[in-house]
Amino acid sequence: MKKIEWDDSLSVGIDVIDGQHQRWIEHFNSVVDAIESRGGHAPVTRTLGFLIDYTDLHFSTEERFMTQTAYPQIAGHKAKHEELRTTVANLIGDFEEEGDTPALEQAIDTFLGTWLIEHIKSTDQLFGAFVKECGIVLSEE
Ligand SMILES: [Fe+2]
C-alpha cells in the first residue's frame, strides 16, 4: 500500500485547510500501518473510524468556509465530498464483512489515497484560488 506525504504541491493557500489535510494524511497513513502490520481486525477498524470522523470534521470546515465566502461552486464541491463519504462507508462495510483483502487494500489506495490527492489538486485548490482572488483571510474561528 502507498503512504502519502504532504508537500507544497498540495497547498491550497489556506492555513487551516492545509493543516487539516496534513492531519487527514496522518490518519490515512495510520490505516495503512494498521493493515500492513497484520495485527488483526481491531486496529484497522479503529484507524478507519478515526479517518472517517476526521473526514467529516474536515469537510464541514471546508463547507463552512465555502458558505462564508459565498463560493459559486459550492454545490459541485459538496457533491464530491458526499461521494467520498459514501466510499468510506462502503469500505468500512466491506472490511467488516470480508476483513482485509487485496481488493480492499487496492480500494483504500485508489479511492481514498489517490482520490484525496486529486481532490486537493483540483477541487480544493480551485477554492483556494477563489479565496485568494477575493482577498479573504479564513481562520478557525
Ligand atoms: Fe474539498
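Structure: above.
In short, a report on the structure. (Residues numbered from 1 in each chain as written. Predicted model: local features only at pLDDT ≥ 70, side-chain atom pairs only at ≥ 80, totals over all residues. Heavy atoms only, no water.)

**Brief notes about the overall build of the protein chain**
1) Next: Broken down by element type, the protein chain carries 4 helices and 0 strands.
2) Next: Moving toward the C terminus, one meets the helices and strands of the protein chain in the order α-α-α-α.
3) Next: Rg of the C-alpha trace for the protein chain: 16 Å, near the compact-globule value of 14 Å for 141 residues, within the 12% margin.
4) Next: Considered along the principal axes of its C-alpha atoms, the protein chain spans approximately 50 × 25 × 25 Å.
5) Next: For the protein chain, the proportion of its 141 residues judged to be buried stands at 43%.
6) Next: Considering only intrachain contacts with a sequence separation of at least 6, the fraction spanning at least 24 residues in the protein chain is 75%.
7) Next: When the accessible surface of the protein chain is summed, it comes to about 7,400 Å², and 53% of that surface belongs to carbon and sulfur atoms. (Helix = DSSP H or I, 4+ residues; strand = E, 2+ residues; numbered from the N terminus. Rg over C-alpha atoms; globule rule 2.2 N^0.38 Å. Buried < 20%, exposed > 50% of the residue type's maximum accessible area, 1.4 Å probe, protein only. Contact = heavy atoms within 4.5 Å. Areas by Shrake-Rupley, 256 points an atom, 1.4 Å probe, with all protein chains shown as cover.)

**So, the coordination of the iron ion**
1) Next: For the iron ion, every protein donor is listed as E62 (OE), H77 (NE2), H81 (NE2), H119 (NE2) and D124 (OD), and the spread of their distances is 2.0 to 2.3 Å.
2) Next: Between consecutive donor residues of the iron ion, the sequence gaps follow E-x14-H-x3-H-x37-H-x4-D. With E62 in helix α2 (residues 41–68) and D124 in helix α4 (residues 102–134), the pair connects residues that are 62 residues apart, well separated along the chain.
3) Next: Taking the relative accessible area as the measure of exposure, E62 reaches 1% and is therefore buried. (Donors = N, O, S within 2.8 Å, 3.2 Å for Na, K, Ca; no water.)

**Examining helix α1 (residues 15–36)**
Side chains three or four residues apart in an α-helix point the same way, a direct result of the helix having 3.6 residues per turn.
1) Next: For α1, which comprises 22 residues, the first-to-last C-alpha distance of 32 Å matches the rise-based estimate of 32 Å (1.5 Å per residue) to within 8%.
2) Next: Count one or two residues on from α1 and you reach R38, which has phi positive near 50°. (Expected span 1.5 Å × (residues − 1).)

**Looking at the side chain of T61**
1) Next: Along the chain, T61 falls in helix α2.
2) Next: Assessed through its relative accessible area of 4%, T61 is described here as buried.
3) Next: Among residues more than four places away in sequence, those in contact with T61 are V16 and Q20.

**Let's talk about the nonpolar core**
1) Next: I14, W24, F28, F65, I108, L112 and F127 are the most contacted members of the largest nonpolar core, which has 37 residues in total.
2) Next: Put simply, the parts of the chain that give this core at least two residues each are α1, α2, α3 (74–98) and α4.
3) Next: The residues contacting F127, other than those within four sequence positions of it, are I14, F65, M66, T69, Y71, H77 and L138. (Core = buried A, V, L, I, M, F, W, Y, C linked by side-chain atoms within 4.5 Å.)

**Here's the deal with the packing of α3 against α4**
1) Next: Direction vectors running N to C along α3 and α4 enclose 165°, while the axes themselves pass 11 Å from each other. Regarding the angle of α3 to α4, the classification is roughly antiparallel. As α3 packs across α4, the resulting crossing turns out to be left-handed. Touching H77, K80, H81, E83, L84, T87, V88, L91, D94 and F95 of α3 are L104, A107, I108, F111, L112, W115, H119, T123, D124 and F127, all from α4.
2) Next: A class-by-class count of the residues in the contact of α3 with α4 yields 11 nonpolar, 5 polar and 4 charged. (Axes fitted to C-alpha atoms, helices over the stretch in contact; angles between N-to-C directions. Parallel < 35°, antiparallel > 145°, perpendicular 65-115°, else oblique. Left-handed = near helix turned anticlockwise from the far one by under 90°. Nonpolar A, V, L, I, M, F, W, Y, C, P; charged D, E, K, R; others polar.)

In short, the description is geometric, and any link to function would need to be established separately.
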